[in-house]
Amino acid sequence: MERTFIAIKPDGVQRRLVGEVISRFEEKGFTLVGLKLMSVSRELAESHYEVHKGKPFFDGLMKFITSGPVVAMVWEGDGVVAAARKMIGATNPLTAEPGTIRGDYAVSVGRNLIHGSDAIETANREISLWFKEEDLIAWEPSIMSWLVE
Ligand code: ADP
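Since we're looking at a predicted model, the values are computed, not measured.

Examining the site of the ligand
Neighbouring the ligand are K9, Y49, H52, F57, L61, R85, T91, R102, V109, G110 and N112. Within the side chain of K9, an N or O atom sits 2.9 Å from an oxygen atom of the ligand. For the ligand, an oxygen atom lies 2.6 Å from a polar atom in the side chain of T91. The fraction of the free accessible surface of the ligand (530 Å²) that becomes covered by protein chains is 74%.

The structure is reproduced here in structure tokens:
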């Protein structure tokens, strides 16, 4: 079953949007299989954002991501990677559609609340970077037959 990595960044935790974000994914019909509140080390931050190394915003991004607690999650469901990206909205919250998380709650690209993996291969890499296999729980929600034909 497809899985994606979602992180509520320090601004989302500080702004008390953890419950709101989790509710959106739950209500949509995806299944939570991993969850932790954690501090992010510089090493983890650099590894997670390695494709952006050398870009002008990289140092600011490192400072921001390591500045406070982050909620790291793994969500499961058919098509969850692409659907989560749609629910999150464009990187720049000012152009993110209303109804998306960034579109509804953020105004700045450097404070855009949430991360979601951009492809299945990226999701697999990010999940193994942030979670140990034994911390992910495979379970069958009892409402499944009401969600999926
Ligand atoms: P996304 O998070 O939508 O996948 P990217 O992978 O392009 O976006 O960028 C990763 C993160 O780096 C963004 O979510 C944002 O926090 C930060 N970022 C990207 N571009 C900028 C920028 N121009 N200025 C500040 N931060 C940026």
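A closer look at the nonpolar core
In terms of nonpolar packing, the biggest core is built from 22 residues, with I6, V21, F25, F30, M73, W75 and I114 touching the most fellow members. For this core, the secondary-structure elements that each account for two or more residues are β1 (3-8), α2 (18-28), β3 (70-76) and α5 (80-88). The element best represented in this core is α5, accounting for 6 residues. Non-local contacts of I114, meaning those with residues more than four positions away in its chain, are made with I6, A7, I8, K9, V21, F25, I88, I101 and R102. A7, L61, I65 and W130 belong to the second-largest nonpolar core, a separate cluster that totals 20 residues.

A word on the UniProt feature "domain: Nucleoside diphosphate kinase-like" (unreviewed entry) in the protein chain
Under the local residue numbering, the UniProt record ascribes the feature "domain: Nucleoside diphosphate kinase-like" (unreviewed entry) to residues 1-138. Between the C-alpha atoms that bound residues 1-138 the distance is 10 Å, and the span itself is 41% helix and 17% strand.

Focus: unusual backbone geometry
A positive phi angle, near 60°, is found at R16, a position not held by glycine. If you trace the backbone, R16 turns up in the loop between α1 (10-14) and α2. The class of R16 is exposed, set by a relative accessible area of 74%. The backbone phi angle of L113 is positive, close to 75°, even though this residue is not glycine. On the secondary structure map, L113 appears in the loop between α6 (101-105) and β4 (114-116).

Side note on the environment of I120
Among the secondary structure elements, I120 is positioned in helix α7 (residues 120-130). Separated by 70 residues in sequence, I120 and E50 place their C-alpha atoms 17 Å apart. Apart from residues no more than four positions distant in its own chain, I120 is found in contact with E2 and V81.

Overview of the environment of G103
Mapped onto the secondary structure, G103 falls in helix α6. For the pair G103 and N92, spaced 11 residues apart in sequence, the C-alpha separation works out to 8.6 Å. G103 has contacts with P93, A96 and E97, leaving out every residue within four places of it along the chain.

Examining the sheet that holds β1
Reading across from one edge, β2-β3-β1-β4 is the order of the 4 strands in this open sheet, with antiparallel pairing throughout. Each edge of the open sheet carries a strand with a single partner, namely β2 (31-38) and β4. Neighbouring strand axes in the sheet, compared pairwise and without regard to direction, differ in orientation by 15° on average. Taken together, the 6 bridges between β1 and β3 define a ladder with antiparallel strand orientation.

Procedures and definitions
- Residues numbered from 1 in each chain as written.
- Predicted model: local features only at pLDDT ≥ 70, side-chain atom pairs only at ≥ 80, totals over all residues.
- Heavy atoms only, no water.
- Near = heavy atom within 4 Å.
- Polar contact = N/O pair within 3.5 Å; in protein donor to acceptor, adjacent residues only side chain to side chain.
- Areas by Shrake-Rupley, 256 points an atom, 1.4 Å probe, with all protein chains shown as cover.
- Core = buried A, V, L, I, M, F, W, Y, C linked by side-chain atoms within 4.5 Å.
- Buried < 20%, exposed > 50% of the residue type's maximum accessible area, 1.4 Å probe, protein only.
- Helix = DSSP H or I, 4+ residues; strand = E, 2+ residues; numbered from the N terminus.
- Contact = heavy atoms within 4.5 Å.
- UniProt positions renumbered as here; feature names shortened; annotations may be inferred.
- Pairing = 2+ DSSP bridges.
- Axes fitted to C-alpha atoms, helices over the stretch in contact; angles between N-to-C directions.

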